[in-house]
Structure formats: C-alpha cells, structure tokens
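Overview (structure and organization)
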Amino acid sequence: MRLMTWNINSLRLRLPLLQRLGEEQAPDIICLQETKVPDALFPAAPLRELGYDHQHFLGMKGYNGVAILSRHPIRPIEATPDWCGKSDTRHIGVVIDTTTGPVMLHDFYVPAGGDIPDPAVNDKFAHKLAFLTEVTAWFRENPPIRSIVVGDLNIAPLEHDVWSHKQLSTVVSHTPPEIERLNAWAATGFVDAMRLVVPPQEKLYTWWSYRNRDWKLSNRGRRLDHVWLTPDLQPALTNLNVLRDVRDWDSPSDHVPVVFDLDLSAA
C-alpha cells in the first residue's frame, strides 16, 4: 500500500498537480492538508475520476481543511474531539480494513502559531500549544495500535530538520515549547518513520518559504510534514521519499509531498 501526505495549500488551485502526482506516484491513499475548500464545494467528481472513489474530508472556506482520498474502502473515525472547541477542520481519521487487520490513519494540520513564540502576547501560539496538549492527552487516553499519523504538524523538532538550528531556535516551528509538546505526543506510542529512513544527522526538509527567490539555491527549508507509525507497523515500512522536485512545478505549494510504502503482510 502506497500512501502520500501533502499540504496542498488549496486543493482547487492545485488539482492539476494532484492529478499529475496521482499518475506519477500512483498512491493508494492520499492525505491532504490546507485544502481551503468548504465541504459543499469539495471537488469529489474529478478525484473519483482519478480512482479515489472513497473520500473523507472536512473543510472550511479559505482556511485549513483536511481530506483523505482512497482507492480502497475506508471508514471515518467518528469519535474525535473538536480540538480547542474551535471547529476549525484540522483533523480527520479513518479505519482501513486490511487482510492483517484494521489500520487507523489520522490526518492532522496543526496550527502554525503566528510569528511571536510567546503565548501571553500571541493567541495563535497559545492555540498551537493548547492544541498539541489536547491531542497528546487524547492519544494517552486512547493508546494507538496499528496506527499512522501524517500531516503538516508545523514543527521541525530536530537540529537537522531546519536549515539553521542556532538561528531558528527562537523562531516559531523550532522553539523548545513546541518541540517538547510534539515529542510528548509522539511518546504516546509512535516512531518517526521519516527518520527511520533518513538518519537524524542528515538534513531533511519538506517546506521552503515562498519568500526565498531561489528556494533550491538558498535551501532554507524546514521539516514540517511528518509520518509517524506505531511500532507494530514499523516492520511494514519498505520505502519513503520526500518529493522535492514538486516544489519546482508550476504554481507549487510551499510544502512538498511525502510518499511511503507499507507491506502490511509484514505487520
């Protein structure tokens, strides 16, 4: 089974890129973040034409939004919280029934947190920290088994997840309070699949700002997008790739997709 996660930064705007990725990568399941489309306007028909007959999505106009598209039957996970009581379409989950048992797949878009890393003066940063705390508490109360978390978690936790650890240690997405909370969430029962494939001492990015005139030359990236597996699924991981070249396509997202393969007969 091939899965792909991507902060598409407007599904309707970048639908042609998604069609190209579907043809080139042939993922069985696609998880999207920042779809920016209300449910009533979700482009279900063109996505069915790509072979994704099974769709679960939650969106709002102009902001946020998550979607899971699948070639295989999926069942929505209904009992998930309204994080921070904001109803801001940042999480959906599905159950995938496989020959070796069900797999739970969660698709998250964590709040970015604004510019000032101080919850006392920045409500957006306070929201981000509260969101992470709530999610961690929920997973502690519902210990994950045969589970996957993917998405734009908006935090680059490791030294080599950013272009300069020293310069970005006080910049939102790489600050100690965020990293501490992200690590606590992961400690509820997940392993960092991307760093199983690319060692932590190697640079690894999934996002490059639109402000960089030549993103490839400056390479001032961050790893904001993540793939986590519970240890019982770790033996199933056979391959994982960050599709850097997509950042050079016409009208790209500032994030690039991450594609990974699971052989579920091994787990």
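Residues numbered from 1 in each chain as written. Predicted model: local features only at pLDDT ≥ 70, side-chain atom pairs only at ≥ 80, totals over all residues. Heavy atoms only, no water.

**Considerations on the packing of aromatic side chains**
Within the structure shown, the criterion is met by 14 aromatic pairs. With a centroid separation of 6.4 Å and an interplanar angle of 50 degrees, the aromatic rings of Phe 108 and Phe 139 are classed as tilted. Highlighted residues: Phe 108 in strand β7 (residues 101-109) and Phe 139 in helix α3 (residues 123-141), separated in sequence by 31 residues. When sorted by exposure, Phe 108 lands in the same class as Phe 139, which is buried. (Phe/Tyr/Trp six-rings, centres within 6.5 Å; stacked < 30°, edge-to-face > 60°. Helix = DSSP H or I, 4+ residues; strand = E, 2+ residues; numbered from the N terminus. Buried < 20%, exposed > 50% of the residue type's maximum accessible area, 1.4 Å probe, protein only.)

**Quick word on the sheet that holds strand β2 (residues 29-33)**
Pairing is mixed in the open sheet, where six strands are placed in the order β3-β4-β2-β1-β14-β13. Two strands in the sheet have a free side with no partner beyond their single neighbour: β3 (54-58) and β13 (237-242). The mean angle between the axes of side-by-side strands here comes to 10 degrees, regardless of whether they run parallel or antiparallel. One ladder, built from five bridges, connects β2 with strand β4 (residues 66-70); its direction is antiparallel. Within the sheet, the bridge partner assigned to Gln 33 lies in β4 and is Val 66. (Pairing = 2+ DSSP bridges. Axes fitted to C-alpha atoms, helices over the stretch in contact; angles between N-to-C directions.)

**Notes on the UniProt feature "site: Transition state stabilizer" (unreviewed entry) in the protein**
If you check UniProt for "site: Transition state stabilizer" (unreviewed entry), the listed places come out as Asn 154 in our numbering. Along the chain, the position of Asn 154 falls in the loop between β8 (147-152) and α4 (165-168). By relative accessible area, which is 8% here, Asn 154 ends up buried. Excluding residues that lie within four positions of it along the chain, Asn 154 makes contacts with Tyr 109, Val 110, Pro 111, Ala 112, Lys 128, Ser 173, Glu 178 and Leu 224. (UniProt positions renumbered as here; feature names shortened; annotations may be inferred. Contact = heavy atoms within 4.5 Å.)

**Things to note about α3**
Its 19 residues give α3 an end-to-end C-alpha distance of 27 Å, which sits within 8% of 27 Å, the value for a rise of 1.5 Å per residue. For α3, the full list of buried residues reads Phe 125, His 127, Lys 128, Leu 129, Phe 131, Leu 132, Val 135, Thr 136, Trp 138 and Phe 139. Residues of α3 that are buried in the fold lie against β7, β8 and α5 (176-186). Where α3 begins, one side-chain oxygen reaches toward the backbone nitrogen of Lys 124, 3.0 Å away; that side chain belongs to Asn 122. (Expected span 1.5 Å × (residues − 1). Polar contact = N/O pair within 3.5 Å; in protein donor to acceptor, adjacent residues only side chain to side chain.)

**Some thoughts on the nonpolar core**
Grouped together as the largest cluster of nonpolar side chains are 28 residues, with contacts concentrated most on Ile 68, Leu 105, Ile 148, Val 227, Phe 260 and Leu 262. In this structure Leu 105 touches Leu 3, Ile 29, Cys 31, Ile 68, Ile 92, Gly 93, Val 94, Ile 96, Ile 148 and Val 150, once residues within four positions along its chain are discounted. Counting residues in each nonpolar core, the second largest holds 21 residues, with Leu 15, Leu 18, Leu 32 and Ala 67 among its members. (Core = buried A, V, L, I, M, F, W, Y, C linked by side-chain atoms within 4.5 Å.)

**Quick notes on the side chain of His 106**
Looking at the element boundaries, His 106 is found in strand β7. In this structure, His 106 is in contact with Ile 77, His 91, Ile 92, Gly 93, Trp 138, Phe 139, Ile 148, Val 149 and Val 150, ignoring residues within four places of it in sequence.

**Regarding the environment of Leu 243**
By the element assignment, Leu 243 lies in the loop between β13 and β14 (258-262). Residue Leu 243 is classed as buried on the basis of its relative accessible area, which comes to 14%. With residues up to four places along the chain from it excluded, the contact list for Leu 243 reads Leu 21, Gln 25, Val 256, Pro 257 and Val 259.

**Quick notes on the confidence of the model for the protein**
With 100% of its residues at a pLDDT of at least 70, the protein reaches an overall mean of 97. Of all the helices and strands in the protein, helix α7 (residues 215-218) carries the lowest mean pLDDT, 94, while strand β12 (residues 225-229) carries the highest, 99. (pLDDT = per-residue confidence, 0-100.)

**Considerations on the side chain of Asn 64**
For Asn 64, the location among the structural elements is in the loop between β3 and β4. The class of Asn 64 is buried, set by a relative accessible area of 10%. Setting aside residues no more than four positions away along its own chain, Asn 64 makes contact with Glu 34, Thr 35, Lys 36, Asp 88, Thr 89, Arg 90 and Tyr 109.

**Quick look at helix α1 (residues 15-25)**
By the burial criterion, the buried members of α1 are Leu 15, Leu 17, Leu 18, Leu 21, Gly 22 and Gln 25. The arc enclosing the buried residues of α1, seen along the axis, measures out at 155 degrees, which places them on a common side. Of the surrounding elements, those touching the buried residues of α1 are β1 (2-7), β2, α2 (44-49), β4 and β14. The first or second residue beyond α1 is Ala 26, which carries a positive phi of 50 degrees. (Arc of directions from axis to C-beta.)

**Looking at the UniProt feature "domain: Endonuclease/exonuclease/phosphatase" (unreviewed entry) in the protein**
In the numbering used here, UniProt assigns the feature "domain: Endonuclease/exonuclease/phosphatase" (unreviewed entry) to residues 4-255. Split by type, residues 4-255 is 24% helix and 25% strand. Its first and last C-alpha atoms lie 13 Å apart.

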